Amino acid sequence: MKSRPTKYKKRVVWKAGFVICIVSFLAFIVGIPLQYTNHIVTSVTQKSDSLQEKTDHILSNMTDEQKIGQLIMIGVEGTRWDHVNMSRITDIPFGNIILFDRNMDNPEQVKKLTGDIQKTAHDHGEPPVFIALDQEGGQVRRMRDHMPAMPSAKELGENDPEETEKWAEKTGQALINLGIQINFAPVADLGLTYDRSYGENLSRVIVYAESAVKGYAKVGIISTMKHFPGIGKVKTDPHIDRDIISSTWEEMDQQDAKTFRKLIKNTDSNQTWVMVSNVSYPAIDQKNPACFSAYIMKEILRDQYSYQGIIVTDDMDMGAISNHYDFQDVGVKAIQAGADIVLICQNYDHAREAYEGLLRAYHDGGVNRDEVDQKVGRIIRAKIQYGKF
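None of the values given here were measured: they were computed from a predicted structure.

All right, on to the confidence of the model for the chain then. Summary statistics for the chain give a mean pLDDT of 89 and a share of 88% for residues scoring 70 or more. Counting contacts from residues 1-48, a segment whose pLDDT is below 50, to residues more than four positions away or on other chains yields 70 contacts.

Shown next as structure tokens:
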């Protein structure tokens, strides 16, 4: 990280004391041990700036490598934060991590793992890390023996929406206690298999997905509506290989994608992200899957639907992408098209290749530098808002 000028380090004592109290409280809420807040205080107590001014100040002190690292979310191996795992955010400053069952034995172990992740970032002068989990309920539920037994979306969709909100709140609090800030839920698709959807009825899915978002927001968890613009009609599981949905945009806008349009209108984009699918919609974009489509992410999601929050791709290690694209290119394609964070969570070498491709493109003009800085700023701003800085 660039060395900071003296004026960056000076601050008024009474301001520092006040902010230390506030940041310590926020750190407690998001599950970061208090001893890790020193560098957060350093970043936030410079002056009484607005959120945007604080974001710009932090961004101006970041290296190119750190900026590109913020644009990728990786997975790690095992339950211990050993030297191999540690090197995954010190050799390359990746700014986001997703956990899986392979990383989770019990609450005490996970809390230590997430604390160790934040400590490593702090000790190496890197920005704090966003830590995510897929905790939808039903079949998609990590650390089942120790987490709230949230029912599947299908089962929740057959009961009162208040139950969905309560389960989201309960699950969200459990995640906060583990040091996790982001849940890749709720599913906003219509009729997705394995009981992952609240139903096939558009109005029903909107009501229940919105209830889930509210529940997560109550306890300070960032939720994620997925998989835009809707994958309920797929025949092939994208984990295995690519598939197409032949609907026109007019059809999608009145069916599958309408759930997202209504949810975006009814929810706070600071509290919920949107995950874009890796399925292809040839009647909408003839060449690209959604995660590489500027038309879907910029023209529709940003412009038509007015979504201002963070856009994350579905996992690039899924067969729909990994079987057909070079990982030196996938990060560039996704970021160019409008994504803010590229999810690559099963193969570290793939994440490294995507990082190298993005960094090279950032230096040689292959991606728009101003757009990249806007994306990094959006992520940094979210980290400030959720007490990470």
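Side chains that differ in sign of charge can pair as their charged atoms come close. Summed over the entire model, instances satisfying the criterion amount to 21 salt bridges. By sharing partners, the salt bridges in this structure join D134, E136, R142, R196 and K226 into a single network.

Spatially, three strands are ordered β5-β6-β7 in an open sheet, and the strand pairing comes out parallel. Since the sheet does not close on itself, it has two edges, and those belong to β5 (223-228) and β7 (311-313), each with one partner. On average, each strand axis in the sheet is tilted by 30° relative to the strand beside it, whichever way the strands run. Where β5 lies against strand β6 (residues 272-276), five bridges are found, and the strand directions are parallel. Looking across to β6, one finds that M225 is bridged to V274.

Moving on, we get to empty space enclosed by the protein. One pass over the structure, following the stated rule, counts four cavities of 30 Å³ or more. Contributing to the lining of the largest cavity are 13 residues, with E136, M150, A185, P186 and Y198 lying nearest its centre. Of all the secondary structure elements, the ones that give two or more residues to the lining of the largest cavity are α8 (153-156), α9 (161-177) and α10 (202-218). Looking at the lining of the largest cavity residue by residue, the classes come out as ten nonpolar, one polar and two charged.

Take the packing of helix α13 (residues 294-304) against helix α15 (residues 327-337) next. At a minimum axis distance of 7 Å, the contact between α13 and α15 shows a crossing angle of 25°. As far as their axial angle goes, α15 and α13 are roughly parallel. Considering how the two elements wind past one another, α13 and α15 form a crossing that is right-handed. Residues A294, M297 and K298 of α13 form the contact with α15, whose own contacting residues are A334, Q336 and A337. When grouped by side-chain class, the residues that make up the contact of α13 with α15 number four nonpolar, one polar and one charged.

Residues I72 and I74 of strand β1 (residues 72-75) are buried on one face, and the alternating residues M73 and G75, pointing to the opposite face, are buried as well. In terms of strand pairing, β1 meets strand β8 (residues 342-344) through three bridges, oriented parallel. Bridge pairing in β8 links M73 to L343. Sheet topology note: the β1/strand β2 (residues 96-99) ladder contains three bridges and is parallel. Its bridge partner lying in β2, M73 is registered against N96.

The parallel open sheet is built from five strands, whose spatial order is β4-β3-β2-β1-β8. The open sheet has two edge strands, β4 (182-183) and β8, and neither has a second partner. Where helix α7 (residues 107-123) meets the sheet, it contacts β2 and β3 (130-133), and its direction lies at approximately 165° from that of β2.

Turning our attention to the environment of G115. One can find G115 in helix α7. The class for G115 is buried, based on a relative accessible area of 4%. A C-alpha to C-alpha distance of 9.9 Å links G115 and I180, two positions 65 residues apart in sequence.

This part takes up the side chain of R142. Tracing the chain through its elements places R142 in the loop between β3 and α8. Among the residues examined, R142 registers a relative accessible area of 16% and is labelled buried. Reaching out from R142, the side chain makes a polar contact with the backbone oxygen of D134 at a distance of 3.3 Å. Residues in contact with R142, not counting those within four places in the same chain, are F100, D101, M104, L133, D134, Q135 and M147.

Another point: the layout of surface pockets. The volume enclosed by the largest pocket comes to roughly 580 Å³. In terms of residue class, the lining of the largest pocket is built from 14 nonpolar, ten polar and ten charged.

Applying the stated rule across the entire model yields eight aromatic pairs. Arranged with centres 6.0 Å apart and planes meeting at 85°, the rings of F94 and Y348 form a pair that is edge-to-face. Here the residue F94 occupies a position in the loop between α6 (83-90) and β2, and Y348 occupies one in helix α16 (residues 348-364), the gap between them amounting to 254 residues. Like Y348, F94 is buried. Joined through ring pairs, the aromatic side chains of F228, W249, F260 and Y305 make up one cluster. In this structure, R369 is placed above the aromatic ring of Y362, and the distance from its NZ or CZ to the ring centre is 3.9 Å.

Further remarks concern the side chain of R378. Looking at the secondary structure, you find R378 in helix α17 (residues 369-385). Side-chain polar atoms of R378 contact the side chain of D340, separated by 2.6 Å. In this structure, R378 is in contact with R302, Q308, G309, I310 and D340, ignoring residues within four places of it in sequence.

What follows deals with the environment of N278. Within the secondary structure, N278 sits in the loop between β6 and α13. A relative accessible area of 2% means that N278 is categorised as buried. As for N278 and D241, which are separated by 37 residues in sequence, their C-alpha atoms are 9.8 Å apart. When near neighbours in sequence (up to four residues on either side) are disregarded, N278 contacts P238, P289, C291, D314, D315, M318, A320 and I321.

What counts and how
- Sequence order as written defines the numbering, with residues in each chain counted from 1.
- Local features are withheld for residues below a pLDDT of 70 in this predicted model, meaning they are given only at 70 or higher, and side-chain atom pairs are given and counted only at 80 or more; totals for whole chains, interfaces and linings count all residues.
- The basis for every side-chain value is the complete set of non-hydrogen atoms in the structure, without hydrogens or water.
- For every residue, the pLDDT score states the predictor's confidence, bounded by 0 at the bottom and 100 at the top.
- Here, residues are in contact when the closest pair of their heavy atoms is within 4.5 Å.
- We define a salt bridge as a side-chain nitrogen of Lys or Arg found within 4 Å of a carboxyl oxygen belonging to Asp or Glu.
- Should DSSP find at least two bridges between two strands, the strands are taken to pair.
- We count a stretch as a helix when DSSP gives it H or I for four or more residues in a row; a strand needs E for two or more, and each element gets its number in order from the N terminus.
- The axes are straight lines fitted to the C-alpha atoms, using for helices just the contacting stretch, and the angles between their N-to-C directions are given from 0 to 180°.
- Buriedness of a pocket was judged along seven lines, with at least five required to meet protein on both sides within 12 Å; pockets are open sets of points on a 1 Å grid over the protein atoms alone, cavities are sets where a 1.4 Å probe fits but cannot get out, and lining residues have an atom within 4 Å of a point.
- Grid points are joined across faces, edges and corners, and a volume is the space filled by probe spheres set on the points.
- In this count, Pro and Cys sit with the nonpolar residues alongside Ala, Val, Leu, Ile, Met, Phe, Trp and Tyr, while Asp, Glu, Lys and Arg are called charged and the others, Gly among them, polar.
- Oblique is the label for any angle not under 35 degrees, not over 145, and not in the 65 to 115 range, which are roughly parallel, roughly antiparallel and roughly perpendicular in turn.
- Definitions for this section: a left-handed crossing has its near helix turned counterclockwise from the far helix by less than a right angle. A right-handed crossing has that turn clockwise.
- Relative accessibility decides the category of a residue: with a 1.4 Å probe and only protein chains considered, values under 20% of the type maximum give buried, values over 50% give exposed, and everything between is partly exposed.
- Any pair of nitrogen or oxygen atoms within 3.5 Å is treated as a polar contact; in protein, a donor-acceptor pairing is required on top of that, and neighbouring residues in sequence qualify only through side-chain atoms on both sides.
- Here a Phe, Tyr or Trp ring, Trp counted by its six-membered ring, pairs with any other such ring whose centre lies within 6.5 Å, and the pair is stacked when the planes are under 30 degrees apart, edge-to-face when over 60, and tilted otherwise.
- Ring-over charges, as used throughout, are those where CZ of Arg or NZ of Lys falls within 6 Å of the ring centre and within 35 degrees of the ring normal.

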